[in-house]
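# Fold and contact review
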Amino acid sequence: MLSFQGWLSFLGTWGPMYLKGTGVTILISLIGVFFGFIVGFILAMLRRSKVTVIRKITGAYVELIRGTPLVVQVMIACYGLISLIPDQYGFLKNVLVLSVITICLNSAAYISEIFRGGLNSVDKGQGEAARSLGLTEKQTMREIIFPQAMRTILPAIGNEFVTLIKESAIVSFVGIQDLMFKARIVSGTTMRYMASYVVAAAIYFILVFFLSKILAVYERRMNIAHQS
């Protein structure tokens, strides 16, 4: 094991590389949750559609994505689908672009279930009461159901962001220079495998720990506001 001075020297030499990888990890996770939020909301609305075919297709998509590992989805996109993309769409042949798209679509499937659960948690009687007062279905959703559902939805989406930070390490397998990729470079260069991956684990822990604390504070404030 490294001594205290050894750790300082190790971090002083390789710290900037870890920070660059951390920035890529956070960026990928943010993009994944942001677009996952948008696509997930659309999927949740489609799953509430009165058209059976639409409900079944979106339901099958969600089940397929949630039923297969993210690492497999990334591998299929970057090593399989990439060869099927026409040359005129060359920007899509970039493994970073394909990885981010895959993560967004994966996150969307999970977020759609968060939306669906949050919307279903609102008492149906409130929607019926709103429509009896003359509100349309869209107005009822926008003014009555959705604001109440957000109290359940937002903390869960925050947890999805925390989960995505850890799962994004998968992109290192296709050459994306995230935190895990940088750790592999450091370990191969220094031959200090334990130290290299301990630093990566510590950074992941710090990110998740502080995000979890921020989410906990936010949830408490939401509960206080709801009770008052």
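Placed above this text is the structure.
Now for a quick tour of the structure. (Residues numbered from 1 in each chain as written. Predicted model: local features only at pLDDT ≥ 70, side-chain atom pairs only at ≥ 80, totals over all residues. Heavy atoms only, no water.)

### Some words on the packing of aromatic side chains
Keep this limit in mind: Any pair of Phe, Tyr and Trp rings, taking the six-membered ring for Trp, is counted once the centres come within 6.5 Å. Such a pair is stacked with planes under 30 degrees apart, edge-to-face with planes over 60 apart, and tilted for the rest. Starting at the N terminus, helices and strands are each numbered in turn, a helix being any DSSP run of H or I of at least four residues and a strand any DSSP run of E of at least two. When a residue's accessible area, from a 1.4 Å probe over protein chains only, is under 20% of the maximum for its type it is buried; when over 50% it is exposed; and in between it is partly exposed.
Tallied over the full model, the rule gives 8 aromatic pairs. When the ring of Trp7 is compared with that of Phe10, the centres are 6.2 Å apart and the planes differ by 80°; the resulting orientation is edge-to-face. Taken together, the positions of Trp7 and Phe10, both in helix H1 (residues 4-47) and 3 residues apart, correspond to about one turn of that helix. We classify Trp7 as partly exposed; its relative accessible area is 22%. The class for Phe10 is buried, based on a relative accessible area of 5%.

### Side note on unusual backbone geometry
In this model, Met191 sits at a positive phi of 65°, which is unusual for a non-glycine residue. Along the chain, Met191 turns up in the loop between helix H7 (179-190) and helix H8 (193-227). We classify Met191 as exposed; its relative accessible area is 53%.

### Points about the layout of surface pockets
Short version of the rule: Cavities and pockets were defined on a 1 Å grid built over protein atoms only: a cavity is a set of grid points that admits a 1.4 Å probe from which the probe cannot escape, a pocket is an open set flanked by protein on both sides within 12 Å along at least five of seven lines, and lining residues are those with an atom within 4 Å of any such point. Grid points are joined across faces, edges and corners, and a volume is the space filled by probe spheres set on the points. Only Asp, Glu, Lys and Arg are considered charged in this grouping, and only Ala, Val, Leu, Ile, Met, Phe, Trp, Tyr, Cys and Pro are considered nonpolar; every other residue, Gly among them, is considered polar.
Taken as a whole, the largest pocket encloses approximately 520 Å³ of empty space. Forming the walls of the largest pocket are 17 residues, and the residues nearest its centre are Arg48, Arg131, Glu137, Met141 and Ile145. The element contributing the most residues to the lining of the largest pocket is helix H6 (residues 137-167), with 6 residues. When the residues that make up the lining of the largest pocket are grouped by side-chain class, the tally is 5 nonpolar, 3 polar and 9 charged. By volume, the second largest pocket is sized at about 250 Å³. Every residue lining the second largest pocket is counted, 13 residues in all, and those nearest its centre are Gln73, Ala77, Leu81, Thr102 and Leu105. Of all the elements in the fold, those that place two or more residues in the lining of the second largest pocket are helix H2 (52-66), helix H3 (70-79) and helix H4 (95-121). With 5 residues, H4 is the largest single contributor of residues to the lining of the second largest pocket. Counted by class, the lining of the second largest pocket contains 9 nonpolar, 4 polar and no charged residues.

### Comments concerning the pattern of salt bridges
Convention followed: Basic side-chain nitrogens of Lys or Arg form a salt bridge, by our definition, when they fall within 4 Å of a carboxyl oxygen of Asp or Glu.
For the structure shown, the criterion picks out 3 salt bridges. Its salt-bridge partner being Glu113, residue Arg47 comes within 2.5 Å of it at the nearest N-O pair. Placement of the pair is Arg47 in helix H1 and Glu113 in helix H4, with a sequence separation of 66 residues. When sorted by exposure, Arg47 lands in the same class as Glu113, which is buried. Of the charged contacts in the structure, one is a salt bridge between Arg66 and Glu113, with a shortest N-O distance of 3.7 Å. Highlighted residues: Arg66 in helix H2 and Glu113 in helix H4, separated in sequence by 47 residues. We classify Arg66 as partly exposed; its relative accessible area is 35%.

### Things to note about the environment of Phe173
What counts here: Residue contacts are counted whenever heavy atoms from the two residues lie within 4.5 Å of one another.
Within the secondary structure, Phe173 sits in the loop between H6 and H7. Sequence-distant contacts of Phe173, that is, excluding residues within four places in its chain, are made with Met75, Tyr79 and Arg184.

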